[in-house]
Amino acid sequence: MKIKHIDHIGIAVKSIDQAAKFYTDVLGLKLEGIENVAEQKVNVAFFPITDSEVELVESTHPDGPVAKYIESRGEGVQHIAFRVENIEEALEELKAKGVRLIDEKPRKGAGGAKIAFIHPKETNGVLVELCQRD
Ligand code: ZN
């Protein structure tokens, strides 16, 4: 597979409003937008940095996956996303190599991307996302 670059780093926060201040006021990044991803019960805030971005992820529902993540592990870096050229091919390659996946097929992520997660047991505890944007 062809990994192009780090697409984004996903950071789980309790409140985008509160957490965004560090990225805007202190680091001087621009908040490009906030998107609701209903399927994941989250809002995602985008802070682009050249080819990559920081994504702040807040839960919109107490039983959502990010709310549960924060409950057990606290706020912080939640996942790293690699941009791939062709996510279907990448997933086939991983399956052929016997790598456990959370998503066998790509699903729709924020910003119209196609995304899929690799099981963190395969990556020393890092939740790795593959991401394709056309
Ligand atoms: Zn992500």
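Refer to the structure presented above.
Reference entry: report on the structure contained in this document. Please read all numbers here as calculations on a predicted model, not as lab measurements.

Re the pairing of strand β1 (residues 3–12)
Point 1. Sheet topology note: the β1/strand β5 (residues 76–84) ladder contains eight bridges and is antiparallel. Each residue of the ladder has a partner; that of I11, found in β5, is V77.
Point 2. Two elements, β1 and strand β4 (residues 52–59), share five bridges in a ladder whose sense is parallel. Note on β4: the bridge partner recorded for I9 is V54.

Some thoughts on the pairing of strand β7 (residues 114–118)
Consecutive side chains of a regular strand alternate in pointing toward one face of the sheet and then the other.
Point 1. Counting buried residues along β7, four of its five residues qualify, which places the element largely inside the surrounding structure.
Point 2. Here strand β6 (residues 107–108) pairs with β7 via two bridges, running antiparallel. Counterpart to R107 in the pairing with β7 is I115.
Point 3. Hairpin connection from β6 to β7: five residues lie between these consecutive antiparallel strands, with G111 at a positive phi of about 70 degrees.
Point 4. Where β7 and strand β8 (residues 128–132) come together, five bridges link them in antiparallel fashion. When the bridges of β8 are listed, F117 appears paired with E129.

Observations concerning the coordination of the zinc ion
Point 1. Protein-derived coordination of the zinc ion comes from H8 (NE2), H79 (NE2) and E129 (OE), at a distance range of 2.0 to 2.1 Å.
Point 2. Each donor residue of the zinc ion lies on the same chain, and together they follow the pattern H-x70-H-x49-E. Here H79, found in strand β5, pairs with E129, found in strand β8; they are 50 residues apart in sequence, far enough to count as distant. E129 carries the same exposure label as H79, and that label is buried.

What counts as what
- Residues numbered from 1 in each chain as written.
- Predicted model: local features only at pLDDT ≥ 70, side-chain atom pairs only at ≥ 80, totals over all residues.
- Heavy atoms only, no water.
- Pairing = 2+ DSSP bridges.
- Helix = DSSP H or I, 4+ residues; strand = E, 2+ residues; numbered from the N terminus.
- Buried < 20%, exposed > 50% of the residue type's maximum accessible area, 1.4 Å probe, protein only.
- Donors = N, O, S within 2.8 Å, 3.2 Å for Na, K, Ca; no water.

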